[in-house]
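# Descriptive analysis of the structure
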Amino acid sequence: MAGLMQMPNGQMIQPQIVLLREGTDTSQGKGQLISNINACMAVVDSIRTTLGPRGLDKLVHDDKGVTTISNDGATIMKLLDIVHPAAKSLVDIARSQDSEVGDGTTTVVILAGEFLRECKPFVEDGVHPMNIIKSFREAARLAIDKVKSLAVSIEGKDAAEKADLLKKCAMTTLSSKLVGGEKEFFADMCVNAVMSLDQDLLDPRMIGVKKVMGGAMRDSFLVDGVAFKKTFSYAGFEQQPKYFDNPKVLCLNLELELKSEKDNAEVRLTDPGAYQEIVDAEWNIIYDKLEKCVASGAQIILSRLAIGDLGTQYFADRGIFCAGRVAEDDLVRVTKATGAKVQTTVNDVTPEQLGNCEVFEEKQVGNERFNLFRGCPSSKTCTMVLRGGAEQFIEEAARSLNDAIEIVRRAVKNAAIVPGGGAIDMELSRHLREHARGIEGKGQLFINAFAKALEIIPRQLCDNSGFDATDVLNKLRQKHASGDPGAANFGLDVNTGGIIDTYEAFIWEPSLVKINAIGAACEATCLVLSIDETVRNPRSEGADGQPIHAPGRGGRGGRGGRGGRGRGMRR
């Protein structure tokens with residue numbers, strides 16, 4: 001009878017075991033799993049119309065009044081303030097796709113949502129989630145292997161042919177963006193930008209993007225070197241020369257400014273004449289620094305810290321250009337391009353520590369003035385200057401070009417492509433259906449469900465383009481099942497509503513995009529399916545009944561009832 005408790009009436013009962021604090025919300029079982037699936041499907045429905053070249057844009061207005069117009073899946077998912085814990089997994093896979101590949105963020109979210117939609121009837125019928133997860137992982141592995149077998153390598157091509165192939169990949173990415181009307185112009189710019197980088201590292205941080213309002217999209221240009229906006233300057237700046245041929249460049253991390261004693265030091269003088277010596281010493285220090293800069297032979301002096309009015313006028317009188325408070329990322333790119341070394345002192349500056357370029361000029365772009373370094377000898381960097389009529393438009397153009405640049409980088413590193421336009425998805429669906437016929441038991445149903453879910457990409461492309469999805473999908477299924485040579489390359493033609501050989505039409509995407517999308521979407525689906533209980537803890541309360549982190553209470557170490565005075569503050 002151990003563990004039983006006797007009631008006053010003599011009845012023996014099992015004592016209640018309390019594990020969770022009062023107010024804890026727990027949801028579990030099939031209902032909780034279906035609730036998670038519904039939440040994820042609701043998130044997917046909010047961005048599915050952005051897919052493809054005819055996809056629509058979303059306008060997101062946040063609580064700070066910032067307006068963002070975008071059809072980039074990762075950007076929209078970041079801006080949506082999703083509070084459902086299971087649905088947040090979709091945000092994570094969109095971010096991982098964006099950081100790993102750069103494109104396909106909408107695709108991966110839509111695929112994950114469709115996998116969950118296909119699972120829902122099985123869950124409602126009482127199928128154990130682990131059976132579905134096992135079959136889905138097997139289907140994802142088969143699909144990824146099939147993508148690798150269908151991929152076409154672009155290795156071994158000459159430079160001009162490879163650049164043309166990379167341009168085709170960039171155009172496919174840009175066709176679904178706001179700048180799709182000028183996709184050839186911007187695809188050329190993206191390919192040239194990537195090819196100007198160090199081909200071993202392909203560091204995207206070495207591509208600078210500057211945004212200038214005004215003008216048309218085609219007024220955008222690429223600087224094979226570095227361009228940055230004119231920094232804050234003093235009066236003598238306008239007297240400095242604004243154009244140099246083959247100048248020497250000195251980069252500093254040093255203030256060239258007359259500074260008074262800043263440590264509140266007290267100096268006691270017995271001789272009034274000694275005061276002038278102290279003042280002269282301050283001037284001598286700054287003049288000594290400026291003279292050493294001039295003696296180095298540099299004609300352009302850049303510093304991450306301030307160059308004061310004295311230094312500006314001093315350099316102007318000697319025909320030297322200077323700019324202070326240069327942004328750190330711009331200064332790093334200048335050093336990469338010109339070969340200059342950043343100096344923290346002006347003592348013993350040698351010619352080897354100076355950089356050089358063919359041409360330096362200051363150029364007016366719209367209402368802004370830019371400093372341009374062109375023809376840099378060790379140029380492993382470049383700068384895009386984007387123009388456009390509205391701020392939101394330029395911001396979206398920059399996000400679009402970032403996707404295209406990432407795609408070109410991936411295509412250079414992993415030189416394998418697959419046909420786009422839903423062709424690869426239809427071929428994977430056909431392959432999985434054929435494989436499922438040889439499986440006994442419930443696994444056949446689950447792999448068929450996975451295969452059906454893959455068709456969401458061409459289906460959504462049809463819906464977003466205003467075509468009859470059922471009619472187009474039937475044509476695609478018939479074509480892919482025919483076994484004709486090249487049938488695997490047929491996808492949707494968004495211009496006519498028919499089907500087309502997307503490989504011949506140069507609608508390509510790197511195979512890495514599809515491999516990563518299928519893998520990430522499958523993992524997110526398995527994650528949601530494996531959750532059978534959600535525990536929501538109540539907010540911790542203090543002695544006064546208020547939540548500890550409420551505004552009326554002091555924070556950590558604070559004294560909420562005494563005006564919120566924190567530890568270490570004066571009484």
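Structural notes, computed from the coordinates. (Residues numbered from 1 in each chain as written. Predicted model: local features only at pLDDT ≥ 70, side-chain atom pairs only at ≥ 80, totals over all residues. Heavy atoms only, no water.)

### Digging into the side chain of Thr-312
One can find Thr-312 in helix α9 (residues 309-317). Among the polar contacts listed, one links the side chain of Thr-312 to the backbone oxygen of Gly-308, at a separation of 2.8 Å. Beyond its immediate sequence surroundings of up to four residues, Thr-312 is in contact with Tyr-234, Gly-236, Phe-237, Gln-240, Ile-307 and Cys-322. (Helix = DSSP H or I, 4+ residues; strand = E, 2+ residues; numbered from the N terminus. Polar contact = N/O pair within 3.5 Å; in protein donor to acceptor, adjacent residues only side chain to side chain. Contact = heavy atoms within 4.5 Å.)

### Considerations on the environment of Leu-222
Structurally, the position occupied by Leu-222 is in strand β8 (residues 221-223). Looking at Leu-222, the relative accessible area reads 26%, which means it is partly exposed. For the pair Leu-222 and Leu-386, spaced 164 residues apart in sequence, the C-alpha to C-alpha distance is 8.7 Å. Not counting residues up to four positions away in its chain, the partners in contact with Leu-222 are Met-189, Asn-192, Ala-193, Cys-382, Thr-383 and Met-384. (Buried < 20%, exposed > 50% of the residue type's maximum accessible area, 1.4 Å probe, protein only.)

### Some words on the nonpolar core
Soluble globular proteins tend to pack their nonpolar side chains together in the buried interior. Core analysis: the largest hydrophobic core is formed by 72 residues, its most contacted members being Met-77, Leu-111, Ile-132, Leu-432, Phe-450, Ile-518 and Leu-529. Setting aside its immediate chain neighbours within four residues, Leu-529 contacts Leu-33, Ile-37, Leu-116, Cys-119, Val-123, Pro-129, Ile-132 and Ile-133. Residues Val-101, Leu-197, Met-206 and Ala-397 belong to the second largest nonpolar core, which totals 38 residues. (Core = buried A, V, L, I, M, F, W, Y, C linked by side-chain atoms within 4.5 Å.)

### What about the sheet that holds strand β9 (residues 225-229)?
The strand order β9-β17-β16-β10 describes an open sheet built from 4 strands, whose pairing is antiparallel. Of all the strands in the sheet, just β9 and β10 (243-245) have a single pairing partner and so form its edges. Going across the sheet, the axis of each strand differs from the next one's by a mean of 25 degrees, ignoring polarity. As paired elements, β10 and strand β16 (residues 359-365) share 3 bridges and run antiparallel to each other. Each residue of the ladder has a partner; that of Phe-244, found in β16, is Phe-360. Strand contacts of helix α10 (residues 328-338): β9 and β17 (368-374), with the helix running at about 155 degrees to β9, the strand carrying the most contacts. (Pairing = 2+ DSSP bridges. Axes fitted to C-alpha atoms, helices over the stretch in contact; angles between N-to-C directions.)

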